[in-house]
Structures are given as structure tokens and as C-alpha cells.
Amino acid sequence: MVWSGTEERDARRVLSRAVRIARTLDNALLESRGSIYSNSMNCDINIVGTIPPPIGGVSCHVFRLCEVAGISGFSVCLFDLRPNPEKHFPENVHRCPGSSSLAVVGRYILWQVFRQSGLVHAHVSRVRPFIWLNAILLITGRRAVDLVTFHSGALEDDYLRLTLIERVLFAALLRRARGVVCVSERLSRFVRALIRETPDKVETIPAYLPQSNAPKLQTKATLSIEGFLGANSKAVLIASGYGTPLYGWEFVLRAVSGLSKDCKWILCFYNQYARPYYTRIRKMAEEHPNVLVLEDLSLEEFSWVLERASVYFRPTATDGDSVALREALSKGLKCVASDAVPRPASVGLFRLEDNEQMLSKLRQAVEGVPSGPAVELGGLTVIDLYRRILTLEGAIEA
């Protein structure tokens, strides 16, 4: 649909009036929130995403990115799209308030309209919510996001499900952005094909960021793990992911049956559970005395578990760029994963449905066969990207 000049002016007038009304209604809330809200209007870096809980690769990355950006000297605001009173925000990070999903949408639009400075960095796992959350900002003529990171390996499939108008809006958001980050080269090639005019603004940067300090914990989960492991484990293997078929839990159970019973397995499920699939998988896993099943560990607990494991196993049907896999590599674990997507060079790869190859790679990992070079910490270059964009805008001196 093409608007005439009169229709566009009328739309802008209606939107302007709506914003003035919303601002008036919002004054009381602004006053009650105090400095938390007002400070979030004038930050160098404005990150749009979510931090744990729920735990997951993307939420862990966002949490650590907030920490690293703050340590690097930026003032940071986090707009959390999934508010939860149990969340603990990184130190020196301002946050925008919100008490429900519906409230978050309104707060986000108001925050974007009244925000005074800085770049906006959106972290995207699902394309359609990202489009509609930012669509109204296109009408105002504002740049909704300066930098967007795509985390999901299902980006291409999600794009194919979009309607024509959604594809137009998506392309418009990407063209207005100053930079696009993809966590794998496969995703980068796809996005470059969508914005052929400016392919150079697409960067491939893995999402992994190292933990700032080693956790020292004693929780119900860590005590359970210590009791399970005991003192004489030949090897400790760990697998993690949603309780859904995408994460290949059938292959994990095949591996449990195919390896020595002296090997102990810790299966970490989190965030999403496809029932009755998950119920069936969990029941089968608990039939093995050398398997411990855990649900919804905190970020600190999961990192603590990795410190005590020797092999990380990831038989996913598809992937973005697994943060958990890179974290396991950074802690010195041997890693075995499906070849569904390109992986770091040090990972032992196997073809899905090739049971013998899978078990062979796992046996090599358990026996300590060297797997390759250390993990690349490419995610740190996001900070360089921030400096580049802010320098171009004249917000900081080159």
C-alpha cells in the first residue's frame, strides 16, 4: 500500500496526538519509578533483550554483554522484554520498568520515543515479534534499532513464514539499522542476501562471552550433583537444552546406552518443555542409574556444573551458534556435536542418525583424544562495534 502525502500527514498527526496523551498518562508512573526510568533515557548503550530467568544461551549472552559494556566504560540501559521480579540485573546497569508483557510493549514504545541518546542493540530469537514491536517506530521516521543481533538458527525458516507486509517491514528495519550481527556465517549470508545494497554492515560474531568470575555456590542443585558424582567417576558428560525434540534427546539416550556405565551423565533441561515428549524422555533417562536429570538451573549453577564435567554433548537438529557449546570449550571440556550447522574447529562432529559415528566421537572425547584448538572468543568484538557506531554518530571521540 502506498500512502498519499495527505494520508501520511494525517497518520503522523494522529500518532503525535497519541504520544502526547500517553506521555501525560505516564507522568505519574515516571515519578513513582524515580531515577531508574529517567536514567535509562540517556545511556550510551541501550540493550533490548532478556536476562535470566529464564536461562538460555541468548539471555546469558545479554547478561554478560551488559557486564562487559559497563566494564568497558559505557553507560548501559537494559530493556528486558520478559519482566520478572526474581531477576538480578548486572551492577551499574539501568533498567526500564515493566510488570507484564502487555505493559512492556507500551513502555518500549514510550521509551523509544522519548529516549535522548545512545545506540539501541536488539537481540532477536524470533523474527515476527521483533518486527511488530518496532513497526510503529517506522511510521515516526525514527531508527528503531541501530544494531541487531540474530541468534536463532531458524532465522531462514522464520522468514519464509512471514507475510509480504512483514517481509517489507523486516527489510526496512534492517536497512535503517547501522549494523547487523549474526552468530554464524550461514546466517550472515542469508541476511546479506536480504539487504544487497549494504552487505558490508553484516558482521559474523559468535555470541559467547566469558564469565566475569568463577561461581562459588552451595545450592540444592549443586549439593545434589556432588552427591551424584561422588569421588570415582570415569567421565562426566553433560547435555543441555530445551525439553523439545529440536535438542535431540533421543540421541542422548542412545549415547547413554552405548557408552560405559562408568560414565555419568547430567542432563540439564530448561525454559521450554514439549509435553508429553519431555515426560517420555525424562522417564527413560531416569531408568539409568548413571543419569541425573536437572531442570531450570540458574546461570551460575550451570556454569558450576560445566566446571565439573569432562565432555559436552550437543546433538541438535539445527542451531544458531551455541553459547553453551562455546562456554564448555572455554572451560576445557571435550565437545561432540551434530554437524547440522558449522561448529568451532575443536568440536568433534557426527552425522545425525549415524549412531556408530556418534559413539566413536564420544568415546574419543571420554578417552581424552585432543580435539583441536581452543575456542574463539569472537563475541568480544561487539564492544568494538559499539565504539565504531558511536564514533560515526559523533557521540564519542574517535
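This structure is a prediction, so every number in the text was calculated from the model and none was measured. (Residues numbered from 1 in each chain as written. Predicted model: local features only at pLDDT ≥ 70, side-chain atom pairs only at ≥ 80, totals over all residues. Heavy atoms only, no water.)

Trainee: Sorry if this is basic, but what is going on with helix α8 (residues 185–194) here?
Mentor: Residue pairs three or four apart in sequence face the same way in an α-helix, which turns once every 3.6 residues. Buried residues of α8: Leu187, Ser188, Phe190, Val191 and Leu194, and no others. The buried residues of α8 occupy an angular sector of 165 degrees when the element is viewed end-on, so they sit on one face. Where the residues of α8 are buried, they touch β5 (147–150), α6 (155–160), α7 (164–176), β6 (179–182) and β7 (202–204). (Buried < 20%, exposed > 50% of the residue type's maximum accessible area, 1.4 Å probe, protein only. Helix = DSSP H or I, 4+ residues; strand = E, 2+ residues; numbered from the N terminus. Arc of directions from axis to C-beta. Contact = heavy atoms within 4.5 Å.)

Trainee: Sorry, what's going on with the sheet that holds strand β1 (residues 45–49) here?
Mentor: Each strand in a sheet pairs with its neighbour through backbone hydrogen bonds, running either in the same direction (parallel) or in the opposite one (antiparallel). Spatial ordering of the open sheet is given by β3-β2-β1-β4-β5-β6-β7, a layout of 7 strands whose pairing is parallel. Single-partner strands in this sheet number two, and they are β3 (93–95) and β7. Averaged over all adjacent pairs, the angle separating strand axes in this sheet is 25 degrees, with direction ignored. Pairing of β5 with β6, which is carried by 4 bridges, proceeds in the parallel orientation. Within β6, the position partnered with Leu147 by the bridge is Gly179. Sheet strands touched by helix α3 (residues 57–71): β1, β2 (76–80), β3 and β4 (119–124). Its angle to β2, the strand with the most contacts, is close to 165 degrees. Sheet contacts for helix α15 (residues 381–392): β1, β4, β5, β6 and β7; angle to β4, the most-contacted strand, approximately 140 degrees. (Pairing = 2+ DSSP bridges. Axes fitted to C-alpha atoms, helices over the stretch in contact; angles between N-to-C directions.)

Trainee: Explain a nonpolar patch on the surface here, please?
Mentor: Among the surface-exposed residues, Trp132, Leu164, Ile165 and Val168 lie close enough to one another that they form a single nonpolar patch of about 440 Å² accessible area. By residue number, the principal contributor to the nonpolar patch is α7, which donates 3 residues. Residue position: Trp132 is located in helix α5 (residues 127–140). Among the residues examined, Trp132 registers a relative accessible area of 45% and is labelled partly exposed. (Patch = residues over 30% accessible without salt bridge, like charges linked within 9 Å, V, L, I, M, F, W, Y side chains within 5 Å. Areas by Shrake-Rupley, 256 points an atom, 1.4 Å probe, with all protein chains shown as cover. Salt bridge = Lys/Arg side-chain N within 4 Å of Asp/Glu carboxyl O.)

Trainee: Looking at this structure, how should I read the side chain of Thr244?
Mentor: Mapping Thr244 onto the fold places it in the loop between β8 (235–243) and α10 (249–258). Among residues more than four places away in sequence, those in contact with Thr244 are Trp249, Gln272, Ala274 and Tyr277.

Trainee: Explanation requested: the pattern of salt bridges in the structure shown.
Mentor: Oppositely charged side chains are able to pair whenever their charged atoms sit close together. Counting across every chain of the model gives 18 salt bridges. Between Arg282 and Glu295 there is a salt bridge, with its nearest N and O atoms 2.8 Å apart. Taken as a pair, Arg282 in helix α11 (residues 277–285) and Glu295 in strand β10 (residues 291–295) lie far apart in primary sequence, 13 residues in all. A residue is classified by how much of its surface remains accessible, and Arg282, at 23% relative accessible area, is partly exposed. A residue is classified by how much of its surface remains accessible, and Glu295, at 35% relative accessible area, is partly exposed.

Trainee: Is there a simple way to explain the nonpolar core in this structure?
Mentor: If you look at soluble globular proteins, the nonpolar side chains tend to sit buried side by side. Judged by nonpolar contacts, the single largest core of 84 residues is most densely connected at Ile238, Trp265, Ile266, Tyr312, Leu362 and Tyr386. Examining the composition of this core, we find that 8 residues originate from one element, strand β9 (residues 263–273), more than from any other. The residues contacting Ile266, other than those within four sequence positions of it, are Ile225, Phe228, Leu229, Val236, Leu237, Ile238, Ala239, Leu292, Leu294 and Val305. Counting residues in each nonpolar core, the second largest holds 41 residues, with Leu169, Leu187, Phe190 and Leu194 among its members. (Core = buried A, V, L, I, M, F, W, Y, C linked by side-chain atoms within 4.5 Å.)

Trainee: Help me understand the pairing of β6, please; the structure alone is not making it clear to me.
Mentor: Working note: regular strand, side chains alternate between the two faces of the sheet. Burial along β6 is two-sided: Gly179 and Val181 facing one way and Val180 and Cys182 facing the other are all buried. Where β6 meets β7, 3 bridges bridge the pair, whose relative direction is parallel. Counterpart to Cys182 in the pairing with β7 is Thr204. The parallel pair β6 and β7 is bridged by α8, and the resulting crossover is right-handed. (Right-handed = clockwise from strand over helix to strand, strands pointing away.)

Trainee: Which parts of the structure should I look at to understand the sheet that holds strand β13 (residues 348–350)?
Mentor: The strand order across the open sheet built from 6 strands is β10-β9-β8-β11-β12-β13, with neighbouring strands paired in parallel fashion. The outermost strands of the open sheet, each flanked by one partner alone, are β10 and β13. Mean inter-strand twist for the sheet, computed between neighbouring axes without regard to direction, equals 20 degrees. Here β9 pairs with β10 via 5 bridges, running parallel. Paired with Ile266 across the two strands is Leu292, which belongs to β10. Each of β8, β11 (311–314) and β12 (334–338) touches helix α13 (residues 323–330); the most contacted strand, β11, lies at about 165 degrees to it.

Trainee: I'm lost on the pairing of β10 in this one. Help?
Mentor: The element β10 is largely enclosed, with a buried count of 4 among its 5 residues. Traced from β9 through α11 to β10, the parallel crossover comes out right-handed.

Trainee: Explanation requested: unusual backbone geometry in the structure shown.
Mentor: Trans peptide bonds make up the majority, and among non-glycine residues the majority have a negative phi. With an omega of -10 degrees, the peptide bond running from Pro52 to Pro53 counts as cis. Along the polypeptide, Pro53 turns up in the loop between β1 and α3. Omega for the bond connecting Arg275 with Pro276 falls within 30 degrees of zero, at 10 degrees, which places this linkage in the cis form. In this fold, Pro276 is placed in the loop between β9 and α11. For Asn271, which is not glycine, the phi torsion reads 70 degrees and is therefore positive. Mapped onto the elements of the fold, Asn271 is located in strand β9. The backbone of Glu353 shows a phi angle near 80 degrees, a positive value even though the residue is not glycine. By the secondary structure assignment, Glu353 is in the loop between β13 and α14 (355–366).

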